[in-house]
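Secondary and tertiary structure notes
Residue strings, one per chain:
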Protein chains: 2
Amino acid sequence: MEQSPGVWERPRRGRRGPAPEHDLDRIAAAALALADADGLAAVTMRAVAAALGTGPASLYRYVRTRDELVELMADAAYGEIDGEAAPAGDWLAGLLALARESRRMLLRHPWLLEVAETPRPLGPNAADYLDRALGVLESAETDTRTKFEAIGVLNALVVMLVRAETAGADRDAAGPAALARLAAEGRRPHLAAALADPAPAPPEGPGEAFDRVVSRVLTGLV
Amino acid sequence: MEQSPGVWERPRRGRRGPAPEHDLDRIAAAALALADADGLAAVTMRAVAAALGTGPASLYRYVRTRDELVELMADAAYGEIDGEAAPAGDWLAGLLALARESRRMLLRHPWLLEVAETPRPLGPNAADYLDRALGVLESAETDTRTKFEAIGVLNALVVMLVRAETAGADRDAAGPAALARLAAEGRRPHLAAALADPAPAPPEGPGEAFDRVVSRVLTGLV
DNA sequence: CTTTTACTGCGATCGATGTTCGCAGTATCT
DNA sequence: AGATACTGCGAACATCGATCGCAGTAAAAG
């Protein structure tokens with residue numbers, strides 16, 4: 001049953017011995033700063049320990065593995081979404097506001113896009129986020145199940161859209177140039193046709209596509 | 001411009017010297033078999049090399065980094081989606097069929113859920129997949145831009161749904177039990193209310209929720 | 001107050017991994 | 001025939017996550 005207590009269930013302090021010199025929040029903050037500055041790969045146990053003025057082994061008094069440290073970082077990032085700008089009554093506008101805040105948070109911490117979001121036990125901030133999202137959906141007339149599904153879809157959608165947004169700025173990863181090269185091989189006629197669209201859509205600002213896609217998906221789902 | 005040729009652009013063979021003893025397809029297949037058997041972490045350069053009967057250094061004649069090897073693996077997995085079961089005329093049914101095939105592929109290669117899908121240049125199989133999806137959408141009356149967006153949303157959605165599906169079977173990660181514990185703290189009233197829903201939805205088979213969510217999202221988006 | 005117990009901090013270190021170097025061997029070009 | 005540009009790969013390097021064990025310390029037990 002209780003197979004192995006995660007970071008959130010474990011007691012923060014032993015019943016004996018000296019008081020811990022560090023705490024999870026400070027450790028997570030140090031790691032988060034490192035990731036913001038130099039990416040997720042810069043978050044090594046040694047680097048985090050050095051930022052805290054200690055050795056790598058000390059961190060293992062607070063965290064069982066590096067993955068747990070990343071869990072802490074992710075939950076700390078989720079904590080930056082406060083979600084006050086949620087208008088009551090209009091659930092779509094509320095969820096869109098929440099999605100926008102998520103987007104801003106992800107743009108601030110792009111390393112979060114790298115961490116594969118395998119469904120782990122929710123941290124406290126992630127749980128608060130879920131609670132707020134459910135609160136926004138209270139005015140919607142749907143299944144509880146559908147509400148959970150909508151929130152899950154929303155999160156995956158936000159990550160995907162921000163990924164596309166940042167990748168476009170970084171390099172021409174899957175940009176039109178690369179696609180054109182793939183279409184030019186003769187095979188893939190539909191791709192070629194799509195790229196030769198005589199009526200291309202007008203250009204958009206960065207946030208416009210985000211709002212449009214999120215709104216359409218949510219209205220269809222709920 | 002041509003900053004650094006990826007695996008797909010690079011020539012498969014030098015103009016001089018002996019013929020390569022291995023090739024990308026065999027290397028990818030060996031790595032894929034390892035990942036299927038023991039997870040993505042088991043795909044080390046040494047293990048893949050050993051499976052091919054050689055040393056780790058040899059692989060670097062074919063692949064610049066381990067990440068490139070994973071790219072190869074991912075594209076090989078995409079190649080398993082042939083997409084013949086796509087009825088013409090009905091784009092929704094066609095995309096749903098494609099999504100179902102993607103789901104089956106992901107269930108066969110769960111390690112693909114761990115690789116963070118940062119938008120890289122598409123491999124040949126991924127490009128074929130994109131072409132087929134565009135072909136299915138030909139009968140839909142929408143923007144070309146919307147079609148691309150729908151395909152992107154569809155992919156992210158499939159990954160998310162399969163993640164939820166497999167995590168549920170593995171452990172109770174974010175299962176009802178963990179949620180109930182979080183709701184019991186007194187804060188998070190909406191979460192508590194949602195869990196105490198007097199009219200819970202009837203249980204579903206594994207593929208039913210998938211079909212339902214995918215269909216609703218797509219109808220809303222396109 | 002003394003002894004016991006259970007904790008904390010952390011230097012030293014282990015095993016494993018991704019990657020590079022350099023050299024011997026080989027097929028193609030001049 | 002010689003030069004050239006490749007391939008194969010053993011050996012090694014840097015770095016990482018994680019562990020071990022011991023000294024120090026605070027709380028519980030007697």
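To keep things clear, this report deals only with the structure shown in the data block. (Residues numbered from 1 in each chain as written. Chains lettered and ligands numbered in written order. Predicted model: local features only at pLDDT ≥ 70, side-chain atom pairs only at ≥ 80, totals over all residues. Heavy atoms only, no water.)

Some details on the protein's contact with DNA strand C
Around DNA strand C, 25 residues are found, and the nearest of them are A:Glu21, A:Thr54, A:Ala57, B:Arg46 and B:Arg66. Near the protein, within 4 Å, the atoms of DNA strand C are sugar or phosphate in 53% of cases. Side-chain polar atom of B:Arg46 to a base oxygen of DNA strand C: 2.6 Å apart, as the coordinates give it. A distance of 3.2 Å is found between a phosphate oxygen of DNA strand C and a side-chain nitrogen or oxygen belonging to B:Tyr60. If you list the elements that add at least two residues to the surface near DNA strand C, you get α3 (56–59) of chain A together with α2 (45–51) of chain B. For the surface near DNA strand C, the residue count by class is 9 nonpolar, 7 polar and 9 charged. (Near = heavy atom within 4 Å. Polar contact = N/O pair within 3.5 Å; in protein donor to acceptor, adjacent residues only side chain to side chain. Helix = DSSP H or I, 4+ residues; strand = E, 2+ residues; numbered from the N terminus. Nonpolar A, V, L, I, M, F, W, Y, C, P; charged D, E, K, R; others polar.)

Observations regarding the protein's contact with DNA strand D
Among the 24 residues in the neighbourhood of DNA strand D, the closest are listed as A:Arg46, A:Arg66, B:Glu21, B:Thr54 and B:Arg61. For DNA strand D, the backbone portion of the atoms within 4 Å of the protein, that is sugar and phosphate, comes to 57%. One nitrogen or oxygen atom from the main chain of A:Met45 is found 3.0 Å from a phosphate oxygen belonging to DNA strand D. Secondary-structure elements contributing two or more residues to the surface near DNA strand D are α2 (45–51) of chain A together with α3 (56–59) of chain B. In terms of residue class, the surface near DNA strand D is made up of 9 nonpolar, 7 polar and 8 charged.

Let's talk about the packing of helix α5 (residues 91–108) of chain B against helix α10 (residues 206–221) of chain B
Residue and element names in this part refer to chain B. Running from amino to carboxyl end, α5 crosses α10 at an angle of 135 degrees, the nearest separation of the two axes being 10 Å. Judged by the angle between their axes, α5 and α10 are oblique. The element α5 and its partner α10 pack so that their crossing is right-handed. Contact residues: α5 offers Trp-91, Leu-92, Leu-95, Leu-96, Ala-99, Arg-100 and Arg-103, while α10 offers Pro-206, Gly-207, Phe-210, Asp-211, Val-214, Ser-215, Leu-218 and Thr-219. For the contact of α5 with α10, the residue count by class is 9 nonpolar, 3 polar and 3 charged. (Axes fitted to C-alpha atoms, helices over the stretch in contact; angles between N-to-C directions. Parallel < 35°, antiparallel > 145°, perpendicular 65-115°, else oblique. Left-handed = near helix turned anticlockwise from the far one by under 90°. Contact = heavy atoms within 4.5 Å.)

A look at the relation of the copies chain B and chain A
Here chain B sits on chain A after a turn of 180 degrees about the axis and a move of 0.0 Å along it, with an RMSD of 0.0 Å. Between the two chains, the operation in question is that of a two-fold axis. Minimal C-alpha separation from the rotation axis in chain B is found for B:Gly220, amounting to 1.8 Å. A shared interface surface links the copies, since 100% of the contact residues of chain B are contact residues in chain A too. (Least-squares fit on C-alpha atoms with pLDDT ≥ 70 in both.)

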